[in-house]
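So the chains spell out like this:
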Amino acid sequence: MDLTSLDRIRAAHDRTELALGPRSAPLAGGTWLFSEPQPGLEELVDLTTLGWPSVEQTADGLTLAATCTIRSLADLPPVPGWRSQHLVQQCARSLVASEKIWDWATVGGNICVALPAGALTTLAVALDATALVWTPDGGERREPVASLVTGVRTTSVGPGEVLRSVELSAEVLAQPVAFRRIALTRHGRSGAIVVGRRDDAGGLVVTLTAGVTHPHRLAFPTLPTPDELAAAVDAVEDWYDDPHGSPDWRRAMTLRLAEQVREELA
Ligand SMILES: Cc1cc2nc3c(=O)[nH]c(=O)nc-3n(C[C@H](O)[C@H](O)[C@H](O)COP(=O)(O)OP(=O)(O)OC[C@H]3O[C@@H](n4cnc5c(N)ncnc54)[C@H](O)[C@@H]3O)c2cc1C
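Residues numbered from 1 in each chain as written. Predicted model: local features only at pLDDT ≥ 70, side-chain atom pairs only at ≥ 80, totals over all residues.

(A) Seen up close, the sheet that holds strand 12 (residues 190-198). The strand order across the open sheet built from four strands is 11-12-13-14, with neighbouring strands paired in antiparallel fashion. Since the sheet does not close on itself, it has two edges, and those belong to strand 11 (177-183) and strand 14 (216-220), each with one partner. Across the sheet, the axes of successive neighbouring strands diverge by a mean angle of 15°, strand direction being ignored. Here strand 13 (residues 204-209) pairs with strand 14 via five bridges, running antiparallel. (Pairing = 2+ DSSP bridges. Helix = DSSP H or I, 4+ residues; strand = E, 2+ residues; numbered from the N terminus. Axes fitted to C-alpha atoms, helices over the stretch in contact; angles between N-to-C directions.)

(B) Layout of the site of the ligand. The environment of the ligand is formed by 32 residues, the closest being A28, G29, G108, G109 and N110. Elements represented by at least two residues in the shell around the ligand include exactly strand 2 (24-27), helix 3 (107-113) and strand 10 (162-169). Examining the composition of the shell around the ligand, we find that five residues originate from one element, helix 3, more than from any other. Considered class by class, the residues forming the shell around the ligand number 22 nonpolar, nine polar and one charged. The two domains that each donate at least three residues to the shell around the ligand are domain 1 (8-45) and domain 2 (54-172). (Near = placed C-beta within 6 Å. Nonpolar A, V, L, I, M, F, W, Y, C, P; charged D, E, K, R; others polar. Domains from an automatic or database assignment.)

(C) Structural detail: the environment of V236. Structurally, the position occupied by V236 is in the loop between helix 7 (226-234) and helix 8 (247-265). You can call V236 partly exposed: it has 17 C-beta atoms within 10 Å. Sequence-distant contacts of V236, defined by excluding residues within four places in its chain, comprise L208, V212 and H216. (Buried ≥ 20, exposed ≤ 12 C-beta atoms within 10 Å, placed from the backbone. Contact = placed C-beta atoms within 7 Å.)

(D) Inspection of the domain arrangement of the protein at higher detail. The domain architecture assigned to the protein consists of domain 1 (8-45), domain 2 (54-172) and domain 3 (173-265). Put simply, the middle of domain 1 and the middle of domain 3, counted by C-alpha atoms, are 34 Å apart.

(E) Just the sheet that holds strand 4 (residues 55-58), in detail. Overall, antiparallel pairing links the five strands, which are arranged 4-5-10-6-7 in an open sheet. The open sheet has two free edges, formed respectively by strand 4 and strand 7 (140-144), since each of these has just one partner strand. Averaged over all pairs of adjacent strands, the angle between their axes in this sheet comes to 25°, without regard to strand direction. Pairing geometry for strand 6 (residues 130-134) and strand 7, over five bridges, is antiparallel. Bridged to W134 within strand 7 is E140.

(F) Local environment of the nonpolar core. Counting residues in hydrophobic clusters, the biggest one holds 69 residues, and the most contacted among them are I111, L123, A124, V145 and V194. Sorting elements by how many residues they give to this core places helix 4 (residues 119-126) first, with six residues. Those residues in contact with L123 that lie beyond four places of it in its chain are L87, V88 and C91. (Core = buried A, V, L, I, M, F, W, Y, C linked by C-beta atoms within 7 Å.)

(G) Region of the structure containing the packing of helix 7 against helix 8. The N-to-C vectors of helix 7 and helix 8 enclose an angle of 140°; their axes lie 10 Å apart at closest approach. With respect to helix 8, the element helix 7 is oriented oblique. In the crossing of helix 7 with helix 8, the sense of the turn from one axis to the other is right-handed. Here helix 7 contributes P226, L229, A230 and V233 to the contact with helix 8, which in turn contributes T254, L255, A258, E259 and R262. Taken together, the residues that form the contact of helix 7 with helix 8 break down as six nonpolar, one polar and two charged. (Parallel < 35°, antiparallel > 145°, perpendicular 65-115°, else oblique. Left-handed = near helix turned anticlockwise from the far one by under 90°.)

(H) Broad picture of helix 4. Burial analysis of helix 4 places eight of its eight residues in the buried class, which makes it a mostly covered element. Along helix 4, the residues that are buried comprise A119, L120, T121, T122, L123, A124, V125 and A126. Where helix 4 ends, the next residue or the one after it, D128, has phi of about 50°, a positive value.

(I) Geometry of unusual backbone geometry. Positive phi values are uncommon outside glycine, yet A114 reaches one of about 55°. Assignment of secondary structure puts A114 in the loop between helix 3 and helix 4. A114 gets classed as buried once you count the C-beta atoms within 10 Å, which come to 21. For R153, which is not a glycine, the phi torsion comes out positive at approximately 70°. Examined against the element boundaries, R153 turns out to sit in the loop between strand 8 (149-151) and strand 9 (154-155).

This is the structure in structure tokens:
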């Protein structure tokens, strides 16, 4: 839709051009920004003109640029050592959108818009990703994506800050994962998503999204019993409530999916 409050869209070509005023916002794929009115905004600063490489592989793992599109990630050829690469497709397909949106929507945009059903948020939290955030004073800070998304449409990304990239460690990429998702209707928005991951020490890390207002990361030093896992899921209190599912249903489905994930990875 037309954003009638906007005065300008400015293309950033290097970091000095990333200065954001109080009524400015970063523009990534624009698929959410242009999907509803943005009355508080006068300026968008385009990040896609910065030319960040979408995916970089290092000895430590993978770095996904915030501007990496879902398409680039989904089309990535098999990456040596990335045992859970199938999770990209599973998360991307959990977006309620035609594949057309994959061409534009970005990793950073999906995380920063902070919807409970954030598909790339799920991927990042399930893989213990670290967010690299550029601060307005020219510095940078790192934070787990699990804590960066703090609630429905809220993040810890402060005024003037820009998510630069998401870092995935080689160790975690090599671990097995299991994914489960449910929606009220076949093509409906995700009602609950659970991803499990076995770590190298034999523990289990369970990520809950979509059914909750912000991602939850439940870590167990060894494989939990069904009761231990259910108790941890049941301790969650922020079950999300919207037309895509009631809190009771989301809780019940998350319990069921979590047990399926536990069994698959046992
Ligand atoms: C048809 C349709 C279906 C959708 N279905 C889903 C769904 O099932 N699940 C879901 O989670 N979302 C869904 N969305 C919303 C979705 O989150 C976004 O469309 C997409 O992921 C946003 O990515 P983008 O790159 O287009 O972000 P943009 O629209 O460009 O930006 C989104 C927000 O993030 C900010 N931002 C972007 N990049 C950065 C950065 N690097 N640093 C700091 N701030 C930044 C922007 O200022 C803006 O506030 C849907 C949208 C559409 C149009």
